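# Structural characterization, general
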Amino acid sequence: MIEQLRKYSKEYKIKAVELSRQRGSMKEIADELGISSKNISRWNKEYEAGKYSENYIHSNSKSKEQLENIALRKALRDAELERDILKGSWHLLQERQVKYVFIQKYQHLYPVEKMCQVFRVSKSSYYKWTHKKPTKQHIRNTMLKTEIEKIYRTSKGRYGSPRITKELNMQGIAVSKVLVAKLMQQLHLRSIVKRKYKVTTDSSHKYPVVDNRLNRAFKTTTENVAWVSDITYIATSEGWLYLTTVLDLFDRKVIGWALSNTMKSSETVIPAFKMAKLNRPINNNQPLIFHSDRGIQYACKEFTDVLATHKNIIRSMSRKGNCWDNAVAESFFKSIKTELVYHNKYQTREEAELSIFEYIETFYNTKRRHQQLDNLTILEYQKIFNNLLKNVA
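Right, let's walk through the structure included here. (Residues numbered from 1 in each chain as written. Predicted model: local features only at pLDDT ≥ 70, side-chain atom pairs only at ≥ 80, totals over all residues. Heavy atoms only, no water.)

### Comments concerning the pattern of salt bridges
- Applying the stated criterion to the full structure yields 18 salt bridges.
- Here E32 makes a salt bridge to K367, at a shortest N to O gap of 3.4 Å. Residue E32 is found in helix α2 (residues 26-33), and its partner K367 is found in the loop between α16 (349-364) and α17 (378-392); the two are separated by 335 residues along the sequence.
- Its relative accessible area of 12% is what places E32 among the buried residues.
- Here K367 falls in the partly exposed class, since its relative accessible area comes to 30%.
- Counted as one network, the salt bridges with shared partners bring together E223, D248, D251 and R280. (Salt bridge = Lys/Arg side-chain N within 4 Å of Asp/Glu carboxyl O. Helix = DSSP H or I, 4+ residues; strand = E, 2+ residues; numbered from the N terminus. Buried < 20%, exposed > 50% of the residue type's maximum accessible area, 1.4 Å probe, protein only.)

Pasting the structure below:
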């Protein structure tokens, strides 16, 4: 797999900037998105200058709103120390031993006195604890609890003991799933309970449909052999928001996606397909199956004309009323709904859009462990594949 120079759409840049502002850290978001913090910084300046606005006009002067934003960022930097410590605020709810371990582990980064204040423990008690000699097993379990809680919170409660065990193993911490489950029980941690997921597709139209050429061959040995796509509904207080995705069956990565207020193909499948091409350029000499259900957005002339510009693309559609023919796309929607959407009550579409951007770009495509990939992340799976190619060469 040859790595391509990444390109970013205006919408991607805007969401990255908004997310960095929400978190208060450009570096953190840059790391999660797998890009340079210089990019976020540059996009942030362009965003403030109004470059991403439809009515953008170059100007050397700063508006009142821009000056207020600069002052706000300065205030956020002033509060950075306490905020960074409070990223581990879940320790406030745990036993003292866990708090002490955290303080001891990060005393080279933050003042002990400040951490004791944040975690509401006395400094003298902490120093008294440092002179005790707990058993090796107790020290190990306390350390494991800290790491387990960290992984659990980072995944926002989406990981159970199997994935947390895999994450610990990948970090070089040898531990069994049984012990992780036991420690999670002691910490009162449970993965998000999945709810029943309902699939809906509107195939009541008169456009031509094509045969199921994919035929449930959901595994490929390289990228750009088969893409699958689907559309789902997300509720907000302002009305429905529609999420369209395109996944590559090679590594299950969401290579293209779009959010829209309508079900028009120009706002759903077409922009999602264009993003997929941007992320994984199509080799016109290599056949590529594009599979979907029989929905009107995929069958309409507007979209089929877009696909027709690539002579190597082979269209494929699920059989009528058979959601299992597009199981991978449906599986992604089940994941995002059970791990994110069902646990949020979105007041606005904008709030939902930022939440979904964060889930796909900073978690699902980068950090989430996938059972179909032997509990590897997509990035780990790609790295192993690249190393195999180098060895063969």
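### Thoughts on the pairing of strand β4 (residues 288-292)
- Across the 5 residues of β4, 5 count as buried, placing the element largely inside the fold.
- Relative to β4, strand β1 (residues 226-236) runs parallel, the two being bridged by 3 bridges. Considered in β4, the bridge of A226 is made with I289. (Pairing = 2+ DSSP bridges.)

### Some details on the sheet that holds strand β5 (residues 313-317)
- Taken in spatial order, the 5 strands make up an open sheet running β3-β2-β1-β4-β5, and their pairing is mixed. Bordering the open sheet on either side are β3 (253-260) and β5, each of which pairs with just one other strand. Adjacent strand axes in the sheet meet at a mean angle of 25°, parallel and antiparallel pairs treated alike.
- Pairing geometry for β4 and β5, over 5 bridges, is parallel. The partner of I289 across the bridge, within β5, is I314. (Axes fitted to C-alpha atoms, helices over the stretch in contact; angles between N-to-C directions.)

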